[in-house]
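Working through the structure, step by step
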Amino acid sequence: MNRWVVARRISLFCLLILFTFCFIYASDGWGEDLPRIALKTTPSQKLNLTVGKSTILQSPEPIKRVSLASPEIADAMVLTPYQIYLMGKAPGLTNLSLWGTDDKVTAIVDMDVCPDLSRLKEVFYKLLPEEKDIKVTATHDHITLTGTVSSASTLSQILSLAGPYAPMDQQKKPKIINLLEVAGVHQVMLEVRVSEMSRSLLRRLGFNFNYITSNGASLGLGMLNKLTSLPSAGFPSSGIRVSDSVNAIFRFMDDGTTWTVFIDALKEEGLLKVLAEPTLITLSGKTASFLAGGEFPIPVPQSTGGGGTTITIEYKPFGIGLNFTPTVLANKKIGLQVAPEVSDVDFTNAITTSGFVVPALITRRVSTAIELADGQSFAIAGLLKEDVREIVSKYPVLGDIPILGSLFRSSSFKKNETELIVIVTAHLVKPLDLTKQTLPTDAYVEPDDFEFYLLGTIEGKKGLPKKGGFEGDFGHMPPR
């Protein structure tokens, strides 16, 4: 091999080794990490401050400069190189930074400015000394109320007293967190007795005449109040239609003529007694309702959109209903909003629509509010109603004749008297122990063959306690 060729290859190999070493050393320099900055922080201290009150902060080192993050929350003033005057202006959080003479931060103070609670606590102590379980704390920019109060009325008083001492939001409402609980019983049982007596008096007297001659011609006289009507074949005809209200008929003949007198004479007296005793239980502030009756259908025409109509059915309730809302005001004081109602279906004032007969409703409704103690009762009385209706139908001139004119007129007298009384009793109730309670069915004993067939009893006598049948804590009907 040529000597120059060998020397050339050795030179290239040496250059390659040199380039490799240079690349390795260069890559170590390029991969070096950037220099890191060491941060030094000063630990912060916490300071609680009340709105409207001030304090003086003592510094162990001379202070050159101070900085307050939120001047609207607090105010800071350097009195001396070692003293700083601080005053709370509004509830919130801020921090105070202090610099020394060497322009280094010497301290950082986290300031929590809270509402003034001492005056509010003093107001609670003076005005509500019996409420000793109320705790007042400050939560950021809110006032938090915890503990237990004796009644719902006291709770509203506490919230009213705390309002002027609490911060206001954008809607000018006090920032109060209410975590108070109302002690005592909050379940109210209402016993209601609805009693109604209704008397009615009806007197009715009417006359109709008809005579038929021997040749078959007839003439009807005095068809007042439709006691009689013409026959379907028309006039003259021998048949006369008689109404169901006719309760007396007199007939006599004279010279081939038959006279017939139709009399509607009625005196009717009616008496109606309604008694209901619903019992309801609900929580304070919640509405409870009761209905003992039923619902009747009412047709409601509705458009189908294509020019036609369809009939839908809605149901309206009737009977004896009750709505009441109790509010426990104190330990033994209850506020009530009571609305009892008694209604009945009235077909005498019914209307007919789309071929359906829709009855009217006779309704007696009461609504009132009252305060009473546990176990007390109040009565809603004086709900009297008296209706008098007189109707006289008569022929002109003939009906005005004295004495004989009564044969040519029809008289009706109707009188209705109604009296409604509602008695309400409120109780504060607690849950019962079912093992200590008895039910009406617990006392029932089936009769044996001797008692059922020979004695005719429907309840057995063996093992019957002192209070059996319908008697007991939950029953009101005595055994028959």
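A brief look at the structure comes next.

Cut-offs applied
Residues numbered from 1 in each chain as written. Predicted model: local features only at pLDDT ≥ 70, side-chain atom pairs only at ≥ 80, totals over all residues. Heavy atoms only, no water. Buried < 20%, exposed > 50% of the residue type's maximum accessible area, 1.4 Å probe, protein only. Helix = DSSP H or I, 4+ residues; strand = E, 2+ residues; numbered from the N terminus. Arc of directions from axis to C-beta. Contact = heavy atoms within 4.5 Å. Pairing = 2+ DSSP bridges. Axes fitted to C-alpha atoms, helices over the stretch in contact; angles between N-to-C directions. Core = buried A, V, L, I, M, F, W, Y, C linked by side-chain atoms within 4.5 Å. Left-handed = near helix turned anticlockwise from the far one by under 90°. Nonpolar A, V, L, I, M, F, W, Y, C, P; charged D, E, K, R; others polar.

**Digging into helix α3 (residues 152-162)**
Because each turn of an α-helix spans 3.6 residues, side chains separated by three or four positions end up pointing in the same direction. The complete set of buried residues in α3 reads Thr154, Leu155, Ile158 and Ala162. The buried residues of α3 occupy one face: seen down the axis, they fall within an arc of 105°. Buried residues in α3 make contact with α2 (118-127), β8 (134-139), β9 (142-149) and β10 (176-182).

**Here we look at the sheet that holds strand β6 (residues 92-99)**
Taken in spatial order, the four strands line up as β1-β7-β6-β3 in an open sheet, and their pairing is mixed. Looking at strand neighbours, the two that pair on one side only are β1 (44-50) and β3 (65-68), the edges of this open sheet. Averaged over all pairs of adjacent strands, the angle between their axes in this sheet comes to 25°, without regard to strand direction.

**Overview of the nonpolar core**
Most often, soluble globular proteins have nonpolar side chains that are buried together. Among the nonpolar cores identified, the biggest contains 26 residues, and Leu190, Val194, Leu336, Val338 and Val424 are the most heavily contacted of them. Broken down by secondary-structure element, the contributors of at least two residues to this core are β11 (187-212), β16 (257-276), β19 (309-330), β20 (333-353), β23 (377-394) and β24 (409-429). No other element matches the five residues that β24 contributes to this core. With sequence-adjacent residues up to four places away left out, Leu336 is seen in contact with Leu190, Phe324, Thr325, Pro326, Thr368, Ala369, Ile370, Leu372, Phe378, Val424 and Ala426. The next biggest cluster of nonpolar side chains, apart from the first, holds 14 residues, and it includes Ile134, Leu155, Ile158 and Ala166.

**Describing the packing of α2 against α3**
Relative orientation of the contacting elements α2 and α3 amounts to 145°, with a least axis distance of 10 Å. Between α2 and α3 lies a crossing whose hand is right-handed. Between α2, through Leu120, Val123, Phe124 and Leu127, and α3, the contact on the second element is made entirely by Ile158, Leu161 and Ala162. The residue inventory of the contact of α2 with α3, partitioned by class, reads seven nonpolar, no polar and no charged.

**Focus: unusual backbone geometry**
Not every positive phi belongs to a glycine, and Asp103 is a case in point at roughly 60°. Topologically, Asp103 is positioned in the loop between β6 and β7 (105-114).

**A word on α2**
Among all positions in α2, only Leu120, Val123 and Phe124 are buried. Down the axis, α2 shows its buried residues gathered within 100° of arc, on one side only. Facing away from the buried side of α2 by more than 90 degrees, the exposed set consists of Tyr125 and Lys126. In this structure, the buried side of α2 is in contact with β8, β9 and α3.

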